[in-house]
Amino acid sequence: MTFTYNDLKFWLEDADLLPKSYWDALEDYDPDNKNSDEILAKWLGYVHVADFYNYEMDITYVEESYNEDGYTNTTAYPVISMQGETPALNDDIYIKWMNWATQVASEE
């Protein structure tokens, strides 16, 4: 399953993890000069909004079977690959993002 900048944006908004300064900036922004993606990209540490648009995270699950005590066990684990710059999220928010994305991908 592929997650893009849009997924990250909506997740951050839905999880209510964006700071008040972000919401204040959205209220005050001039639509002729900036859009909400530019404000979010700046908050995430991107120099250019185009770098934010290039963010992509792929999560696939790999199944592996093994024998233990005469029983065959199968396990699956996520393999994550990213394209583009990783957003500058603090560790707590980054872990929540990865956990959520991994959970969603496991349900696909």
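Q: Describe the environment of H48, and please don't skip the residues or the numbers.
A: Among the secondary structure elements, H48 is positioned in the loop between α3 (36–43) and α4 (49–53). Here H48 falls in the partly exposed class, since its relative accessible area comes to 48%. In the structure, H48 is positioned 37 residues away from E85 in sequence and 11 Å away in space, judged by C-alpha atoms.

Q: So what about the packing of aromatic side chains? Which residues, and what values?
A: What the rule picks out here adds up to 9 aromatic pairs. Consider the rings of W11 and W97, whose centres lie 5.5 Å apart with planes at 55 degrees: the pair is tilted. A residue pair is termed long-range when its members are at least 10 positions apart, and W11 in helix α1 (residues 5–14) and W97 in helix α5 (residues 91–107) qualify at 86 residues. Look at W97 and you get buried, because its relative accessible area is 0%. Every member of this aromatic cluster is reached through a ring pair, and the members are F3, W11, W97 and W100.

Q: Which residues make up the packing of α1 against α5, and what values go with them?
A: At a closest axis distance of 11 Å, the pairing of α1 and α5 adopts a crossing angle of 115 degrees. Classified by the interaxial angle, the pair formed by α1 and α5 is roughly perpendicular. Where α1 crosses over α5, the handedness of that crossing is right-handed. Facing α1, whose interface residues are D7, L8, W11 and L12, α5 presents I93, K96, W97 and W100. Grouping the constituent residues of the contact of α1 with α5 by class yields 6 nonpolar, no polar and 2 charged.

Parameters and conventions
Residue positions are given per chain, counted from 1 along the sequence in the order it is written. The predicted nature of this model means local features are confined to residues of pLDDT at least 70 and side-chain atom pairs, given and counted, to a pLDDT of 80 or more, with totals for whole chains, interfaces and linings taken over all residues. Derived side-chain values reflect all non-hydrogen atoms in the structure, with water molecules and hydrogen atoms excluded from consideration. For the purposes of this entry, the term helix denotes a DSSP run of H or I that reaches at least four residues, the term strand denotes a run of E that reaches at least two, and both are numbered from the N terminus. With a 1.4 Å probe rolled over the protein chains alone, any residue whose accessible area is under 20% of its type maximum counts as buried; one over 50% counts as exposed, and the rest are partly exposed. Between the rings of Phe, Tyr and Trp (Trp by its six-membered ring), a pair exists once the centres lie within 6.5 Å; its type follows the angle of the planes, with under 30 degrees stacked, over 60 edge-to-face, and the other angles tilted. The convention used is that axes are lines fitted to C-alpha atoms, helices contributing only their stretch in contact, and that angles between N-to-C directions extend from 0 to 180 degrees. Throughout, the term roughly parallel applies to angles under 35 degrees, roughly antiparallel to angles over 145, roughly perpendicular to angles from 65 to 115, and oblique to all others. We call a crossing left-handed when the near helix sits turned anticlockwise from the far one by less than a right angle, and right-handed when that turn is clockwise. Note on contacts: a residue pair is in contact if any heavy atoms of the two residues lie within 4.5 Å. Side-chain classes are defined by residue name, with Ala, Val, Leu, Ile, Met, Phe, Trp, Tyr, Cys and Pro counting as nonpolar, Asp, Glu, Lys and Arg as charged, and the others, Gly among them, as polar.

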